[in-house]
Amino acid sequence: YSNIALRGAYVTLAAGEIYGIPKLSEYGLIKLKDLHHNTMQRQCFEEYNSPDYYISMLFVLRRAQLHIQNIEAKVWIDELYQLMWKDIAHYFHPKTRQWAGPHSRSYSVLLSSKTLGLIDRSTTERVKLYMAGQEGYLEEHYLSLVCPTEIEDSFIEKQNSMTRVRCLTSEAGLPTVLTTYLSPELTLGTVNYSDMWHQRHALKAYWGNTTQPRYLWLRFLLNGDDYAPAQFLSIQNKRRVLGGIEFREDMDFRNPYYEADQRQTSVVAKDVRLRFQFGEAISDSEIQCFLKAQTALVHVDKQWIQVSMVFAQLGQQKGTWNFSCVGGKAHLDWVFRPDKPYLLDIAKLGTAGLGFSMQITKDKPQKPALESSVKNKMLEMKWQALSLRTSISPVNVNMNQ
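Anyway, here's the lowdown on the structure attached to this text. Since the structure is predicted, the reported quantities are computational estimates derived from the model, not experimental observations. (Residues numbered from 1 in each chain as written. Predicted model: local features only at pLDDT ≥ 70, side-chain atom pairs only at ≥ 80, totals over all residues. Heavy atoms only, no water.)

On to helix α2 (residues 22–42), then. Here α2 contains 21 residues, and its C-alpha end-to-end distance of 30 Å stays within 8% of the 30 Å for a straight helix at 1.5 Å per residue. Buried residues of α2: S25, G28, L32, L35, H36, T39 and R42, and no others. Taken around the axis of α2, the buried residues stretch over an arc of 145°, which confines them to a single face. For α2, exposure combined with an orientation more than 90 degrees from the buried face picks out P22, K23, I30 and Q41. One or two positions beyond α2, positive phi appears at Q43, with a value near 60°. (Helix = DSSP H or I, 4+ residues; strand = E, 2+ residues; numbered from the N terminus. Expected span 1.5 Å × (residues − 1). Buried < 20%, exposed > 50% of the residue type's maximum accessible area, 1.4 Å probe, protein only. Arc of directions from axis to C-beta.)

If you want it as structure tokens, here you go:
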């Protein structure tokens, strides 16, 4: 956890300096050095593009700027502070005032007024969000978070569209690729590989306006809960995505960080579905959905969202589309409906996986020209310049690597 590592470095380094305890100062300096060097090498924090984590760490870095005296440490702290504000600005979408995806860790679908107010108060008049009077963070009463002025341009609305691609390496050498399309009216972001834990927002889109932002968030649900062993794979080109869902045998249902000996291996399944969730505050009259065989078409706020299911199988179940609109949220679900509750054990399913295409367009789209094939328990999909391979047989960590 980057935020815990950062807090530990700050507390030990500051305490060592204030109370004259060299060993404590040395420990904090080493801890800060490791965090700084690893982060700057990747040009991203471990919890990439995570709104709540970033705000929390900004406050810790600001404390460190004020309290730490070590010259070398102050340089590292300033560089981390600069990098964090740069990330926030680059993923901020002015038209909707939302933080573009994908998000490694996120506690809410839309940005809170507290976060928007913080950005407003931390920038100059050039970045005006008109958030005066909004509730702030407690720390703001004694810590002022100032955004570096040279970064502010990224907060200001641009007229042109762009795609931001970031490739993050890990110790295992497996790259994590973040792709975010940003246009004046829309943002669509995906990550090439992620579990489907409830804090992951691996496929996320925003459009609409500042007073009524709309979103699309991809989830995989088992009995109504986000199912972490479902693994999302994707490749994206602007407004188009090829996506796949494969399943891990060695992961706890609700928490991907649990060790193998703590995992659950089977559960009584009553309802299993892949969900494309639309919000916020959507009524039946504001959204239209057209279902035809494998293809679903949704129209909301001048955007057409088309999803074509290329492959879907969970054991012997194939699944079908279902659309509903309840409580201000609309759900486009690919539902696996068993005749009766059954004991689901991913490792024993044999065949389990999904593959789909998705596009968001201004005009009503045509059915995509997709090519797909299945060979040796692998699904391969092609859509013009996009190509994706995903397993349709449950995998474990070593197989996946």
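Here we come to the pairing of strand β8 (residues 213–222). When you tally the buried positions in β8, you get ten out of ten residues, the bulk of the element. Residue alternation in β8 divides its side chains into two sets, P213, Y215, W217, R219 and L221 and R214, L216, L218, F220 and L222, and both sets are buried. Relative to β8, strand β7 (residues 203–208) runs antiparallel, the two sharing five bridges. Bridge pairing links Y206 to Y215 in β8. Note: β8 against strand β13 (residues 272–279), eight bridges, orientation antiparallel. Paired with R219 across the bridge in β13 is R275. As defined by bridge partners, β8 adjoins strand β9 (residues 225–226) across two bridges and the pair is classed as antiparallel. (Pairing = 2+ DSSP bridges.)

Judged by nonpolar contacts, the single largest core of 99 residues is most densely connected at F276, F278 and M358. Per-element accounting of this core gives the leading share, ten residues, to helix α4 (residues 71–90). Filtering out sequence-adjacent residues up to four positions away, F276 remains in contact with L216, W217, L218, V307, W321, A330, H331, L332, D333, F356 and M358. In terms of nonpolar packing, the next biggest core, distinct from the first, is built from nine residues, F311, L379, W383 and L386 among them. (Core = buried A, V, L, I, M, F, W, Y, C linked by side-chain atoms within 4.5 Å. Contact = heavy atoms within 4.5 Å.)

Where strand β17 (residues 320–326) lies against strand β18 (residues 329–336), seven bridges are found, and the strand directions are antiparallel. The partner of C325 across the bridge, within β18, is A330. Hairpin connection between β17 and β18: a loop of two residues separates the two successive antiparallel strands, and G327 in this loop has a positive phi of roughly 60°.

Let us look at the sheet that holds strand β20 (residues 352–361). A sheet is described by the order of its strands in space; here seven strands give the open sequence β6-β10-β11-β20-β16-β15-β14, paired in antiparallel fashion. Lying at the two open borders of the sheet, with one neighbouring strand each, are β6 (193–195) and β14 (287–292). Taken pair by pair, the neighbouring strands of this sheet meet at an average axis angle of 20°, ignoring direction. Sheet analysis places strand β15 (residues 295–300) next to strand β16 (residues 303–314), joined by six bridges and oriented antiparallel. The partner of V298 across the bridge, within β16, is I305. (Axes fitted to C-alpha atoms, helices over the stretch in contact; angles between N-to-C directions.)

Looking now at the sheet that holds strand β23 (residues 386–391). One open sheet holds the three strands; their spatial order is β21-β22-β23, and the pairing between them is antiparallel. Edge positions in the sheet fall to β21 (371–375) and β23, since each of these pairs with one other strand and no more. Within the sheet, the average angular offset between the axes of one strand and its neighbour, ignoring direction, is 15°. By the bridge criterion, five bridges tie β21 to strand β22 (residues 378–383) in an arrangement that is antiparallel. Opposite S373, over in β22, you have E380 as the bridge partner.

Our focus in this paragraph is the packing of aromatic side chains. In total, this model carries 16 aromatic pairs according to the counting rule given. Summarising the aromatic geometry, the rings of Y54 and W99 are spaced 5.9 Å apart at their centres and angled 70° between planes, so their arrangement reads as edge-to-face. Of this pair, Y54 sits in helix α3 (residues 51–67) while W99 sits in strand β2 (residues 98–99); the two residues are 45 residues apart in sequence, bridging distant segments of the chain. Considered together, Y54 and W99 belong to a single accessibility category, that of buried residues. (Phe/Tyr/Trp six-rings, centres within 6.5 Å; stacked < 30°, edge-to-face > 60°.)

This part takes up a nonpolar patch on the surface. Residues Y1, I4 and Y257 make up a contiguous nonpolar surface patch of roughly 360 Å² in combined accessible area. Looking at the secondary structure, you find Y1 in the segment before α1 (2–19). (Patch = residues over 30% accessible without salt bridge, like charges linked within 9 Å, V, L, I, M, F, W, Y side chains within 5 Å. Areas by Shrake-Rupley, 256 points an atom, 1.4 Å probe, with all protein chains shown as cover. Salt bridge = Lys/Arg side-chain N within 4 Å of Asp/Glu carboxyl O.)

Here the focus is the environment of D87. The topology assignment puts D87 in helix α4. For the pair D87 and Q43, spaced 44 residues apart in the sequence, the C-alpha separation amounts to 9.4 Å. With residues up to four places along the chain from it excluded, the contact list for D87 reads C44, Y54 and R166. Of the polar contacts made by the side chain of D87, one reaches the side chain of R166; its length is 2.7 Å. (Polar contact = N/O pair within 3.5 Å; in protein donor to acceptor, adjacent residues only side chain to side chain.)

Moving on to the pattern of salt bridges. Inspection of every chain in the model, using the stated rule, returns 17 salt bridges. A salt bridge links D250 to R248; the nearest nitrogen and oxygen atoms lie 2.6 Å apart. Accessibility assignment for this pair places D250 and R248 in one class, buried. Salt-bridge contacts for R273 lead to D271; the nearest nitrogen and oxygen are separated by 2.7 Å. Overall, R273 belongs to the buried group, its relative accessible area being 12%. Here D271 falls in the partly exposed class, since its relative accessible area comes to 23%.

Look at α3 against α4: their axes get within 10 Å of each other, and the N-to-C directions meet at 150°. Classed by the angle they form, the pair α3 and α4 counts as roughly antiparallel. Where α3 crosses over α4, the two elements pack in a sense that is left-handed. Contact residues: Y54, M57, L58, L61, R62, A64 and Q65 in α3; K74, I77, D78, L80, Y81, M84, W85, D87 and I88 in α4. Here the residues of the contact of α3 with α4 are counted per class, giving eleven nonpolar, one polar and four charged. (Parallel < 35°, antiparallel > 145°, perpendicular 65-115°, else oblique. Left-handed = near helix turned anticlockwise from the far one by under 90°. Nonpolar A, V, L, I, M, F, W, Y, C, P; charged D, E, K, R; others polar.)

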